[in-house]
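# Structural description and commentary
If you want the building blocks of each chain, they are given just below.
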Amino acid sequence: MMGSRATVVAAQLAIILLTLAVWQWAFDLKPYADWLVPGLLDPYFISKPSEIWTQLLRLACLTNPTGDWLLGQDGAVMACLAQNDNNLWIATLVTLTNTLWGFAIGVASGYIVGLLLGQSTFLSRVFEPFLVALNSIPRIALVPIVVMMFGIGDTSKIVTAWLLVFFLVFFNTFEGARQVDQTLVSMSRLLQAKDWQVTSKIIIPSTLTWVFASLTPAISFALIGVIVGEFIGARQGLGRIMMEAQARGQSSVMMATVIVLMTIGVILALGVKSMQTYLLRWQNTGH
Amino acid sequence: MTFAQRDLAVAPASVPANTGPVRIRARGLSKEFEIAGKRLTAVDRVDLDIRKGEFVSLLGPSGCGKSTVLNMIAGLIPASSGTIELDGKPLGAGHFSSKLGYVFQRDTTIPWRTVKKNVGFGLELAGVDRASRDRRVNEAIQQARLNGFENAFPGMLSGGMRQRVSLMRALVMEPDILLMDEPFGALDAHTKTDMHRLLLEIWERQHQTVIFVTHDLAEALTLSDRIILLSARPGRLKEEFVVDFKRPRDAVSLRETPEYAELFSRVWRSLGEEMSKVGA
């Protein structure tokens, strides 16, 4: 089936509406058809779209706990926000900032180390077994140690994100540096290129293409790292909101937080994707 | 008989033999490789004298070591024994003379650089200032009829256009000596002829010293002053042919002349003996 763009969008909308409808109402059918409705659809676990939406507005201080809008009222939103130093806005900002820091530091350090080791046979032979060993540790297992070392503030979250991003970018760069087209290197040398020129004009640009390819997974990894860090121990952040909500059995709060995280994830991925498309525009051959 | 044929037939089909100074001299040039523990002689005691302004083709069957000879001259690979001199001074591997320009068979355009920045790559490396770089690059682009594609990336171009970019990237450096390793080997027949025209046009104006490696006899005859035929592996000098067709040459009409046909069959026989040795 080919399907025009309109049919595809229509099908997607249908899927979304159906999911929301099942989520919202399916459990109400349980008394009538017990065999049809799995227990996991219990709103105790997964809440309901309507409740999640209400919860989202309340967490964002757009409405009060009884559902009245605070937006029109003078200073009401501010007063609500001031009550909680980990309100949804602050938590989002904290999680986002730590994610971006972890991403940036991870990409930069992974790239530099990858380039150095990829270019030097000696260094790569010395360090390769260590890096392979380190890489085979499930990094998430290190989070409790990281939180113990760096405390429950931002640093431990950035370090966790860095741990995940570094290895991803490092291995990509390392592979890229080893796969540089040697004919381009010879060509440059025949044109009298000095070593630093070969590095800056051939090796770095050609490894960058490998790094760009790893940026989309890297940003997701950074977000995962920060959230897990916040689960283990944090004062602020979306992960902290989730842990508190879990302790209180507030599934609507957890779901609302997941919605926010999904939105952040999508925005970050799209941002990286468009940067990548621009930087790799020469790969769009038009063939 | 076409006009071009008559024109060629009337004129004495000879060019005075090049008696200019020898620019590249190779003596006893040999190359041995070790492959899977076996020693293999790729090039066996080759002597060459390439004179100033001469267009010389190294012709031979695939695997005869002709590219190896060229790469030893370029300094890309070390010789196992023998000497190479450029203007009387020894050339060694790993040392790349600025007098040499090199064109690869493989596409060596830099994919993330536009046509303009590819052509200007060598000038940029040499630190030539932007204004004169732009001027020289633009001239080269005009000459290679790449205008309109200055800001295109190689991925958008055809194989022939990419090879023109590589050729101009070498030529814009104004090398005295141009080493070409089957530069048009990967192109279709029509594009190849276009490239021959472009190269003849440039060479007949500037008379660089050219060493041109090819296994395509028609190409060697069209372009060269002299063809050096190498034997099947191990590559040894087999025979030399002077190609004294009148210049300027036209890549297409030249091939319709009787002189061309006569020389073609002479070289062909000699080349054929080597081809049969490799079972090609």
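Calculation criteria
Residues numbered from 1 in each chain as written. Chains lettered and ligands numbered in written order. Predicted model: local features only at pLDDT ≥ 70, side-chain atom pairs only at ≥ 80, totals over all residues. Heavy atoms only, no water. UniProt positions renumbered as here; feature names shortened; annotations may be inferred. Contact = heavy atoms within 4.5 Å. Buried area = accessible area lost by both parts, 1.4 Å probe. Salt bridge = Lys/Arg side-chain N within 4 Å of Asp/Glu carboxyl O. Pairing = 2+ DSSP bridges. Helix = DSSP H or I, 4+ residues; strand = E, 2+ residues; numbered from the N terminus. Axes fitted to C-alpha atoms, helices over the stretch in contact; angles between N-to-C directions. Buried < 20%, exposed > 50% of the residue type's maximum accessible area, 1.4 Å probe, protein only.

In the annotation of an unreviewed UniProt entry, the entry for chain B reads ABC transporter ATP-binding protein, and the organism field reads Borborobacter arsenicus. UniProt, in its Sequence similarities (unreviewed entry) section for chain B, records the words "Belongs to the ABC transporter superfamily."

For chain A, an unreviewed UniProt entry supplies the name ABC transporter permease and the organism Borborobacter arsenicus. Quoted verbatim from the Subcellular location (unreviewed entry) field of the UniProt record, the comment on chain A reads "Cell membrane".

What follows covers the interface of chain B and chain A. With 25 residues of chain B in contact, the opposing surface of chain A contributes 21 residues. Counting each side, the surface lost to burial between chain B and chain A is near 2100 Å², with a carbon and sulfur contribution of 70%. The three residues of chain B that bury the most area against chain A are B:F96, B:W112 and B:L125, which together make up 34% of that side's buried surface. Linking chain B to chain A there are 2 salt bridges.

This next bit is on the sheet that holds strand 6 (residues 100-103) of chain B. Residues and elements named next belong to chain B. The 6 strands lie next to each other as 6-7-8-3-9-10, forming an open sheet whose pairing is mixed. If you trace the sheet from one side to the other, it starts and ends with strand 6 and strand 10 (237-242), each paired once. Strand-to-strand twist across the sheet, computed as the mean angle between neighbouring axes with direction ignored, equals 15 degrees. Examined bridge by bridge, strand 3 (residues 55-59) and strand 9 (residues 226-230) share 4 bridges and lie parallel to one another. Note on strand 9: the bridge partner recorded for L59 is L229. Sitting on the sheet, helix 9 (residues 258-278) touches strand 3, strand 9 and strand 10, and the angle it makes with strand 10 is about 170 degrees.

Here the UniProt feature "domain: ABC transporter" (unreviewed entry) sits at residues 24-257 of chain B. For residues 24-257 of chain B, the helix share is 30%, the strand share is 28%, and the end-to-end C-alpha distance is 32 Å.

With that settled, the discussion passes to the environment of B:D44. Residues and elements named next belong to chain B. Looking at where D44 falls in the secondary structure, it is placed in strand 2 (residues 38-51). For D44, a relative accessible area of 10% gives the class buried. Distance from D44 to G65, taken between C-alpha atoms, is 9.0 Å for residues 21 residues apart in sequence. Discounting chain neighbours no more than four positions away, the residues touching D44 are L29, S30, P234, G235 and R236.

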